[in-house]
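So the chains spell out like this:
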Amino acid sequence: MSYNLQVTIDKDSGFCFGVVYAIDMAEEILEEDGYLYCLGDIVHNDEEVERLKSLGLRIINHDHLKELHNEKVLIRAHGEAPETYRTALENNITLIDASCPVVLKLQNRIKNSYDEKEKILIFGKHGHAEVIGLQGQTNNEALVFMDITELDNVELPQKITLYSQTTKSTDKFYQIKDELIRRGYDLKANDTICRQVSNRYTDLEKFVQNFDKVIFVSGKKSSNGKVLFEVCKKHNPETYFISQEEEIAGISFNPGEKIGICGATSTPMWLMKKVKAALKAY
């Protein structure tokens, strides 16, 4: 029996420009040199990382970087802390800097705030690559928190400056801002959320309402994947999170259903197309 599913991929889903830029750079060098070191996963999507590894990408961590000399190393879109650039200089490493311009701009703003002796709070995910780079601008003195409750028992100065990781939820950022003002702080709040991510909220809200079921494709490590999946689920409860096409086996479909496919800013279009092909074969 053929299910005859009607499957549509969201045309606005797929890589954001920061990720496209980093992957283009990597592919160019891999073609010339046959291999390239990359500091951390180039993108929070295992399938795309595997594809690039098969072309010669070698993922390393900061400990490996310290032992590496006279090589080329790619810095991914998430950006890096100043320490990384110092290590590269000492070890004669050529950095291929694919830091996203939105992240670089934020790093500069945070550094300026730190130089002005401001007390900095960063709304972001603990240990996330981008957040580590942002904290590095403040000599790791900035306070990172994922939820306002983390600040409940923290002694904060009267005057604070708030920034956000670029891929966090805009709604949550403004809730945090209002709550800190309500608690009586003299707050300088900087909305530093990437509009390419936040504009997806409204696009996805509209997109998911047209379907019986929605398949959201994302790597499990993707921060914006978690945020965007929640947006989809809120506006269409029949939304399912998968990381690879085999996982659709766990979802039950009815004949003739309309299925929408969308994803995170770190989800490759080729992977969403594979999911579509698997659904069409039902």
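Since the model is a prediction, treat every value here as computed from it, not as a measurement. (Residues numbered from 1 in each chain as written. Predicted model: local features only at pLDDT ≥ 70, side-chain atom pairs only at ≥ 80, totals over all residues. Heavy atoms only, no water.)

Some points on the side chain of Gln135
What counts, and what does not: Put simply, DSSP H or I for four residues or longer makes a helix, DSSP E for two residues or longer makes a strand, and each gets a number counted from the N terminus. It only takes one pair of heavy atoms within 4.5 Å for two residues to be counted as in contact.
Mapped onto the elements, Gln135 comes out in helix α6 (residues 129-136). When sequence neighbours within four positions are dropped, the list of residues in contact with Gln135 reads Ile122, Asn140, Glu141, Ala142 and Val144.

Section: the environment of Glu27
Applicable threshold: Burial classification: accessible surface area is computed with a 1.4 Å probe over protein chains only, and a residue below 20% of its type maximum counts as buried, one above 50% as exposed, and the rest as partly exposed.
With respect to the helices and strands, Glu27 occurs in helix α1 (residues 17-33). Note on Glu27: relative accessible area 27%, which makes it partly exposed. Considering only alpha carbons, one finds Glu27 and Leu52, 25 residues apart in sequence, at a separation of 7.8 Å. Aside from chain neighbours lying at most four places away, what touches Glu27 is Arg51, Leu52 and Leu55.

Remarks on helix α7 (residues 170-182)
Applied cut-off: In a helix, the anticipated span is given by 1.5 Å times the number of residues less one. A 3.5 Å cut-off defines polar contacts: any pair of N or O atoms within that distance qualifies, except that in protein one atom must be a possible hydrogen donor and the other a possible acceptor, and neighbouring residues in sequence count only when both atoms are side-chain atoms.
With 13 residues, α7 ought to run about 18 Å at 1.5 Å a step, and its terminal C-alpha atoms sit 18 Å apart, in line with that. Those residues of α7 that fall on the buried side of the exposure criterion are Thr170, Phe173, Ile176, Glu179 and Leu180. Those residues of α7 hidden inside the fold are in contact with β6 (120-123), β7 (143-145), β8 (159-164), β9 (186-189) and α8 (195-208). The N-cap residue of α7 is Ser169: its side-chain oxygen and the backbone nitrogen of Asp171 are 3.4 Å apart. Positive backbone phi, approximately 95°, marks Gly184, located one or two places after α7.

Observations concerning the sheet that holds strand β12 (residues 258-263)
Let me state the cut-off plainly: By this definition, two strands are paired if DSSP reports at least two bridges between them. Interaxial angles span 0 to 180 degrees and are taken between N-to-C directions of axes, which are lines fitted to C-alpha atoms, for helices over the stretch in contact.
With parallel pairing, the four strands of this open sheet are ordered in space as β1-β12-β10-β11. Among the strands making up the open sheet, the edge pair consists of β1 (6-9) and β11 (239-242). Between one strand and the next, the sheet's axes are offset by a mean angle of 25°, whatever the strand orientation. When strand β10 (residues 213-217) meets β12, the two strands line up parallel, connected through five bridges. The partner of Ile215 across the bridge, within β12, is Ile261.

Brief notes about the pattern of salt bridges
So the rule is basically this: Note on definitions: salt bridges are taken to be side-chain nitrogens of Lys or Arg within 4 Å of carboxyl oxygens of Asp or Glu.
Considering all chains together, one arrives at 18 salt bridges under this definition. Here Lys11 and Asp12 are joined by a salt bridge, their closest N and O atoms 3.6 Å apart. When its relative accessible area of 72% is taken as the criterion, Lys11 is described as exposed. Via salt bridges that share partners, Asp152, Glu179, Arg182 and Arg183 belong to a single interconnected network.

Coordinates in, geometry out; function isn't part of it.
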